[in-house]
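Structure at a glance
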Amino acid sequence: MFEEIITFVRSLYGEGYIPLHEPKFIGNEKAYVNECIDSTFISSVGKFVDKFEQMICEQTGSKYAVATVNGTAALHVCLILADVKANDEVLTQALTFVATANAVTYVGAHCVFIDSCSNNLGLCPDDLKSFLKTHAEIGHDGFCYNKKTKRRIKACIPMHVFGHPVKLDEIIEICSNYNIDVIEDAAESLGSLYKGKATGTIAPLGALSFNGNKIVTSGGGGAILIQDEKLAKKAKHLTTTAKVPHRWEFFHDEIAFNYRLPNLNAALLCAQLEMLEKFLLNKKETSNLYKKFFLQKDIKFLECSEDSESNYWLNAVMFKNNKDQQEFLQLSNNSGVMTRPIWKLMSDLPAFKNCQKTELLNAKIFESTVVNLPSSVRL
Ligand SMILES: Cc1ncc(COP(=O)(O)O)c(C=O)c1O
């Protein structure tokens, strides 16, 4: 059976080593990067950064977009914009890439880990609701507090796993009842839609990543999606060392970050974004082929909820048990087909082992059974 899966992957991606997700540069990438080099504007100033931000707004329907050096930096700034302070708490899912949890610690806050949904792998609204019902209360200042730790619960970061949108409406409604800000970690889901709207633009703040393994890439890169003008200005200020605009003077009015995406990376990304629609169609096609194959094999292929459209970033299956997961990982990687398990639960990593968490029943099952399959664009 496992041999059959490998043969099927090879029927999609051919002979030789098959990576999990490789970038595709088949558009204007070289032309734009050359143009950027010829202009000498390769760093934090240049037309491609502005063009990239405009393209992201057009693509997602976001009111504002601020380019950043990577998705982790975008998340970090989102937390600052949401006014998350040291010793606050941030609710997020245990099953996520470590960057989500790391960003919470950059502002000195603490993670609280919530379970995943059984269908789309994202933060589970029912578990979130039950956690808040048991552990949270509204203080005299109108903020939400954790009854056990006495800390303020200031934000919640749901993440759209492998491009499959989380149940955002429910999460936003629950959080609004407790005065908790929602930040979408949309690092993996550029091009995904939840009820017709682009992920990352439904909550007031969202973060995108353009790391080398993402659907489109600038090598390293990210963006903050923002729906409020004042916050957008603040984001730009914070990501550009808080320099007060002046033709020659260096006045920085607060401590901030050098998080601006270089023009060189933005040039690459502008060309990549021109290809996004094509990539999305191609990835959907691949995903449908996988789905059909696994249906015949009685192996669960992970899909998004009916109210959503995924960008089909990474295809994943769920094996019946941990033994099958491990055997398939061994066999496929030994055969030159790159496959990966889903992440270890954040609550089991040394840095986060003391964080409060719910039972994480679904997350534990996913951790021990899910495997990602090669998912690169096939063009
Ligand atoms: C869910 C998630 N959040 C955040 C990030 C961080 O993005 P970056 O690698 O661009 O810093 C990534 C991926 O890389 C991710 O998958």
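Our subject is the structure that appears above.
Residues numbered from 1 in each chain as written. Predicted model: local features only at pLDDT ≥ 70, side-chain atom pairs only at ≥ 80, totals over all residues. Heavy atoms only, no water.

It is worth spelling out the nonpolar core at this point. One recurring pattern in soluble globular proteins: nonpolar side chains tend to sit buried together. Of all hydrophobic cores here, the largest spans 84 residues; its most connected members are Phe52, Ile56, Leu79, Phe162, Ile183, Leu190 and Phe210. Shared between two domains, this core takes at least three residues from each, and those domains are domain 1 (2-21 + 276-373) and domain 2 (29-274). The next biggest cluster of nonpolar side chains, apart from the first, holds 22 residues, and it includes Leu132, Val166, Leu168 and Tyr194. (Core = buried A, V, L, I, M, F, W, Y, C linked by side-chain atoms within 4.5 Å. Buried < 20%, exposed > 50% of the residue type's maximum accessible area, 1.4 Å probe, protein only. Domains from an automatic or database assignment.)

This brings us to the site of the ligand. Close contacts around the ligand come from 15 residues, with Gly71, Thr72, Asp185, Glu188 and Ser209 the closest. Between the ligand and glycine 71, the relevant distance is 2.7 Å, taken from an oxygen atom to a main-chain nitrogen or oxygen of the residue. The side chain of serine 209 places a nitrogen or oxygen atom 2.7 Å from an oxygen atom of the ligand. Protein chains bury 92% of the 380 Å² of accessible surface belonging to the ligand in isolation. Cavity membership is defined here by more than half of the atoms lying within 2 Å of grid points; on that basis the ligand lies in the largest pocket. (Near = heavy atom within 4 Å. Polar contact = N/O pair within 3.5 Å; in protein donor to acceptor, adjacent residues only side chain to side chain. Areas by Shrake-Rupley, 256 points an atom, 1.4 Å probe, with all protein chains shown as cover. 1 Å grid on protein atoms, 1.4 Å probe; cavity = no way out; pocket = protein on both sides within 12 Å on 5 of 7 lines; lining within 4 Å. Sits in = over half its atoms within 2 Å of the grid points.)

A sheet is described by the order of its strands in space; here eight strands give the open sequence β1-β11-β10-β7-β6-β2-β3-β16, paired in mixed fashion. Sheet topology places β1 (64-68) and β16 (356-357) at the edges, where each strand pairs with a single neighbour. Bridge count for strand β6 (residues 153-157) against strand β7 (residues 181-185) is two bridges, and the pairing is parallel. Across the sheet, residue alanine 155 finds its bridge partner in β7, namely aspartate 181. Contacts from helix α3 (residues 47-60) reach β1, β10 (205-209) and β11 (222-226), with the element oriented near 130° to β1. Where helix α4 (residues 71-81) meets the sheet, it contacts β1, β2 (89-93), β6, β7, β10 and β11, and its direction lies at approximately 170° from that of β10. (Pairing = 2+ DSSP bridges. Helix = DSSP H or I, 4+ residues; strand = E, 2+ residues; numbered from the N terminus. Contact = heavy atoms within 4.5 Å. Axes fitted to C-alpha atoms, helices over the stretch in contact; angles between N-to-C directions.)

Here we come to a negative patch on the surface. Together, Asp126, Glu170, Glu173, Glu306 and Asp307 line one region of the surface with negative charge. Among the residues examined, glutamate 173 registers a relative accessible area of 53% and is labelled exposed. (Patch = residues over 30% accessible without salt bridge, like charges linked within 9 Å, V, L, I, M, F, W, Y side chains within 5 Å. Salt bridge = Lys/Arg side-chain N within 4 Å of Asp/Glu carboxyl O. Lys, Arg positive; Asp, Glu negative; His and termini not counted. Charge placed at Lys NZ, Arg CZ, Asp CG, Glu CD.)

A separate point is helix α11 (residues 322-334). With 13 residues, α11 should reach 18 Å at 1.5 Å per residue; the first-to-last C-alpha distance of 18 Å fits that figure. On its buried face, α11 is in contact with α1 (2-13), β15 (340-341), α12 (361-369) and β17 (370-373). At the N-terminal end of α11, a side-chain oxygen is found 3.2 Å from the backbone nitrogen of lysine 323, two or three residues along, and the residue is asparagine 321. Phi turns positive, to about 80°, at glycine 336, one or two residues after α11. (Expected span 1.5 Å × (residues − 1).)

Moving on: a nonpolar patch on the surface. Taken together, the side chains of Ile37, Ile42 and Leu264 present a nonpolar region at the surface, about 230 Å² in accessible area. Looking at the element boundaries, isoleucine 42 is found in the loop between α2 (29-39) and α3. Overall, isoleucine 42 belongs to the partly exposed group, its relative accessible area being 39%.

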